[in-house]
Amino acid sequence: MIKSYRINRILIFCILIISLIGGSLFGYITSVIKNFSGIENLKKFQPSIPTRLYDVDGDLIAELFQEKRYLVSFEELPRNLINAFIATEDSAFYRHFGINPIAIIRAMVKNIIAGRIVQGGSTITQQIAKRLFTKGERTFSRKFLEALLALQIEKKFSKEEILEMYFNQIYFGHGCYGIASAAQLFFDKDVKHLNLVESSVLAALPSAPSAYSPFLNPHNAYEKNWNILNRMVKAGFLSREAADKIYKEFWPEFIDSLKTKSPTRTAFSKIEDNAPYFTDYVRQLLIMRFGKDVIYNQGLSVYTTLSLKRQKLGKLYLKDGLNRQNKISEEANAYCSDSVDTELFKVYGSLRNIFNLPDVLVRDDEVARFNVKMIDELVDSFDAITLLIESGPCNHAIEIFRENISTISSTLKAEGALIAIEPSTGYITTMIGGSDFSVDNQYNRAIQARRQTGSAFKPFVYGAGIESKLINAGTALPDAPIANIHADGETWSPGNYEDRFSGLVKIRKALAGSINIISVRIYDIIGPDRIIEFASKLIKCPEWRFNPNPAMALGTNEITPFELATGYAIYANRGRDVIPFAIRYVIDRDGNEILNCEEEIGNIIAQKEMNETIQIIPENVAYIMTSLMKSVVSRGTPHDSIRRIAEFKQECAGKTGTTTNWTDAWFCGFTPDIATVVWVGYDQPFLSLGKHQGGSAVAAPIWGHYMKGVYNGMKAPQFPLQPRGVHHVEICEVTGLLPSMNCTDVKDEIMLWGSEPTKTCEGNHRKMKSVLDRYMEKEGVIIEE
């Protein structure tokens, strides 16, 4: 009796409090409700969902999101799932009109006794109002606002619509928003496949995601689940016998499965990204076009040019090649003098002019020790000393040295890039920017890394010469020592591999043998302006990026793999323009196309066709250069790597590239179907891949394996027929001139009209062979310089 009397007093007190608070807040909240347009727009409200990237075959590449959420319709929600949540969160859901007065009064009593908000008494509808329209503070005024908003929601929407909104909005912890995301994370299932006990486990999470997480607190989840099953029994959704049975059967096996799952596993841990470098590239393009909010929250469907099948091939063979290279290069950089930056000796020499420092005897092993000595013991001391004296060059040199060695460690690995473009479409079908995409390795070398190209640049030098008609494919030039004298009086003398010279060599053999001297002689014949104009058109970079000196002919200018791939793709496309792109089209969450890059680029190409500007270089020039680069593969430096090691037997064209000290290794090659560039090297340009580790030994096998995989199941490439403006001319095999009666060694060569030799050979070259010919017969192929 006394207990009942106390309860009645508390209830009366609660009513008085409600009246007082209601009177003071009623005017404010009523005005808020009147001016609140969110309820009217609730049907249009679009929760945050991921943007998805798809490849050319419609397969998922990756997702971009801040809240991991997938939307489901009411029809997709299993009845057991709905029952579990109603029993747990709002047993009177189908009976109330947005708020549950009994639950509110019960919660009010507990809150007044505690002197603070300890229980909400919120309905499912109120939870929607809280999540969508309020900031969620635990205050009395906010609870009143939620209740009134819930009433408005119930007036506008059916119970089924409210449940659909609820299941798509509620937070389940671990970065999961919405039931679909939670089902995937906790049970690796679609929502429609959740069983009763799994549904009851998820029903515990909205009230306290961390406390009842089976990953973080499996014991709490175990006990809470028994409580929820009991509620379902009490609500008539489940029999006692069934509850006991499924509880005993489910938990032992589920607990055992948790042993293989990280407690900190989140929705972000399950991010699917099959091409991270490409995804990041596309993400940046999308953000520039639409902004971050749209990309991360508005659920775009982005259809790209990437082929996941080819991407996986590239990743496999690049990784294998880098693993193989690391074993070779680590030893080279530990003991080889060529792996040490020669600027170190200049720094040391400058300091010896100021301080009494010992001499350094440079031998292969001594150089490596000197490098370690500088890093571990001397550089800090030198830095401190140079601050006390006026020695600008020394200060600058040490600063550069510090930058160069800032990331050197015993775990330093060779890096690489592989990028492939379809010449006919401009599709970027493969993009790999490094050995492994991680927090500390997100530098996309395929797009961003400007590196010296070595001989991979020579096709642009030769192409400029062919286009000018100052040389032809049969032109013979002397491979002999030359010296260039600069305006300041300094001389520069290019060399060939092991300083071997071959005498008179025709252009086709010179490119196949990658002879430096011939490339420089072409530079001297046609001049730098023609080369710069020709190269900048194909690789699509400004002319100021090229340094007009003879060393340019040997690939000393820095170019990215993407730029090189573009240039080679234009060769593969018969000299016609290629505009590489990664995004085909984008569709918003409502199915509307909001961007179509493929159409935009198609219009640009069509306009170029109309304006007759589609030919970047003449088709006949591209045809002859393709023929020369076919000879590179068939009889030149990469032949053994591509044909024998990689076993790629299809007709193809390309060129290797190797830079000084074997710091960069390239192979750039193509068929009419695909142009692919492979680069291997260290991020620190003073580190060497090792002696003789050039383009033919390092990059060409990767290229060959990749291309073999691409053509597995594809038709053999069909190179174009000979175009107008090209004809066959008989020339002397030795001199490249028109043959005389004494020239019995005659060869047929293709040339542009108007570029034919005008002189007749005057010598007797019967059975004569050049030094280069004899060497090629003996060795089979020529080693890259």
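Residues numbered from 1 in each chain as written. Predicted model: local features only at pLDDT ≥ 70, side-chain atom pairs only at ≥ 80, totals over all residues. Heavy atoms only, no water.

A separate point is the overall build of the chain. Summing up its helical and strand segments, the chain has 27 helices and 20 strands in all. Residue burial in the chain is summarised as follows: out of 785 residues, 52% are buried. The contacts of the chain with a sequence gap of at least 6 include a subset with a gap of at least 24, amounting to 71%. Counting every atom, the chain has about 36,600 Å² of accessible surface; 52% of that belongs to carbon and sulfur. (Helix = DSSP H or I, 4+ residues; strand = E, 2+ residues; numbered from the N terminus. Buried < 20%, exposed > 50% of the residue type's maximum accessible area, 1.4 Å probe, protein only. Contact = heavy atoms within 4.5 Å. Areas by Shrake-Rupley, 256 points an atom, 1.4 Å probe, with all protein chains shown as cover.)

Taking 1.5 Å per residue, 17 residues should reach 24 Å; helix H9 (residues 218-234) reaches 24 Å between its end C-alpha atoms and fits that length. Along H9, the residues classified as buried are Ala-221, Lys-224, Asn-225, Ile-228, Leu-229, Met-232 and Val-233. Buried residues belonging to H9 abut helix H2 (79-89), helix H8 (196-203) and helix H10 (240-257). Taken from the residues just after H9, Gly-236 is the one with a positive phi, measuring 85 degrees. (Expected span 1.5 Å × (residues − 1).)

For the rest of this paragraph, the subject is helix H18 (residues 458-468). Counting buried positions along H18 gives 10 out of 11 residues, so the element sits mostly inside the fold. Turning to H18, its buried residues number three or more, namely Lys-458, Pro-459, Phe-460, Val-461, Tyr-462, Gly-463, Ala-464, Gly-465, Ile-466 and Ser-468. Where H18 ends, the next residue or the one after it, Lys-469, has phi of about 65 degrees, a positive value.

Let us look at the pattern of salt bridges. Under the defined criterion, the tally for this structure stands at 23 salt bridges. For Asp-280, the salt bridge is made with Arg-283, and the minimal N-O distance between the two is 2.7 Å. Placement of the pair is Asp-280 and Arg-283 together in helix H11 (residues 276-290), with a separation of 3 residues, close to one helical turn. Using a relative accessible area of 16% as the deciding quantity, one classes Asp-280 as buried. Salt-bridge contacts for Glu-733 lead to Lys-506; the nearest nitrogen and oxygen are separated by 3.4 Å. (Salt bridge = Lys/Arg side-chain N within 4 Å of Asp/Glu carboxyl O.)

With that settled, the discussion passes to the environment of Pro-47. Secondary-structure assignment places Pro-47 in the loop between helix H1 (2-34) and strand S1 (51-54). Along the chain, Pro-47 and Asn-297 lie 250 residues apart, while their C-alpha atoms are 7.6 Å from each other. The contact partners of Pro-47, leaving out residues within four places of it in the chain, are Arg-69, Leu-71, Gln-169, Asn-297 and Arg-589.

This part takes up the nonpolar core. Counting 93 residues, the largest nonpolar core has Phe-460 and Tyr-571 as its most contacted members. In terms of residue count, helix H22 (residues 561-572) provides more of this core than any other element does, 8 residues in total. In this structure, Phe-460 is in contact with Phe-534, Ala-535, Leu-538, Ile-539, Leu-564, Gly-567, Tyr-568 and Tyr-571, ignoring residues within four places of it in sequence. Counting residues in each nonpolar core, the second largest holds 55 residues, with Leu-77, Ala-84, Cys-176 and Ala-183 among its members. (Core = buried A, V, L, I, M, F, W, Y, C linked by side-chain atoms within 4.5 Å.)

Right, let's talk about the packing of aromatic side chains for a bit. Inspection of the entire model under this criterion finds 28 aromatic pairs. With a centroid separation of 5.1 Å and an interplanar angle of 20 degrees, the aromatic rings of Tyr-54 and Tyr-303 are classed as stacked. Separated by 249 residues along the polypeptide, Tyr-54 in strand S1 and Tyr-303 in strand S5 (residues 301-304) bring together distant segments of the chain. Taking the centre distance of 5.4 Å and the plane angle of 85 degrees together, the rings of Phe-250 and Trp-251 count as edge-to-face. The exposure class of Phe-250 is buried, given its relative accessible area of 13%. We classify Trp-251 as buried; its relative accessible area is 1%. Aromatic ring contacts, followed pair by pair, group Phe-187, Tyr-222, Trp-226, Tyr-247, Phe-250, Trp-251 and Phe-254 into a single cluster. (Phe/Tyr/Trp six-rings, centres within 6.5 Å; stacked < 30°, edge-to-face > 60°.)

Trans is the common state for peptide bonds, and a negative phi is the common state for residues other than glycine. Even without a glycine there, the phi angle at Asp-188 is positive, about 55 degrees. In this fold, Asp-188 is placed in the loop between helix H7 (179-187) and H8. Exposure remark for Asp-188: the relative accessible area of 44% places this residue in the partly exposed category. Even without a glycine there, the phi angle at Arg-574 is positive, about 65 degrees. Within the secondary structure layout, Arg-574 lies in the loop between H22 and strand S14 (583-587).

A word on the sheet that holds strand S18 (residues 675-681). With respect to topology, 5 strands assemble into an open sheet ordered S7-S6-S18-S17-S16, the strand pairing being antiparallel. In this open sheet, the two strands that pair with only one neighbour each are strand S7 (428-432) and strand S16 (653-658). Strand-to-strand twist in this sheet, taken as the mean axis angle between neighbours without regard to direction, amounts to 5 degrees. In this sheet, S18 lies alongside strand S17 (residues 664-670) in antiparallel orientation, the contact comprising 7 bridges. Directly across from Asp-664, in S18, lies its bridge partner Gly-681. Of the strands in this sheet, S16 and S17 are in contact with helix H24 (residues 619-635), which crosses S16 at around 65 degrees. (Pairing = 2+ DSSP bridges. Axes fitted to C-alpha atoms, helices over the stretch in contact; angles between N-to-C directions.)

This part is about the sheet that holds S1. Taken in spatial order, the 5 strands make up an open sheet running S2-S1-S5-S14-S15, and their pairing is mixed. On the outer flanks of this sheet lie strand S2 (60-64) and strand S15 (593-596), each paired with one strand and no other. Pairwise comparison of adjacent strand axes, ignoring direction, gives a mean angle of 15 degrees for this sheet. In terms of strand pairing, S1 meets S2 through 4 bridges, oriented antiparallel. Opposite Leu-53, over in S2, you have Ala-62 as the bridge partner. Along the sheet, H11 contacts S1, S2, S5, S14 and S15; its crossing angle with S2, the most-contacted strand, is approximately 50 degrees. Across the sheet, helix H23 (residues 597-611) is in contact with S14 and S15; its angle to S15 comes to roughly 40 degrees.

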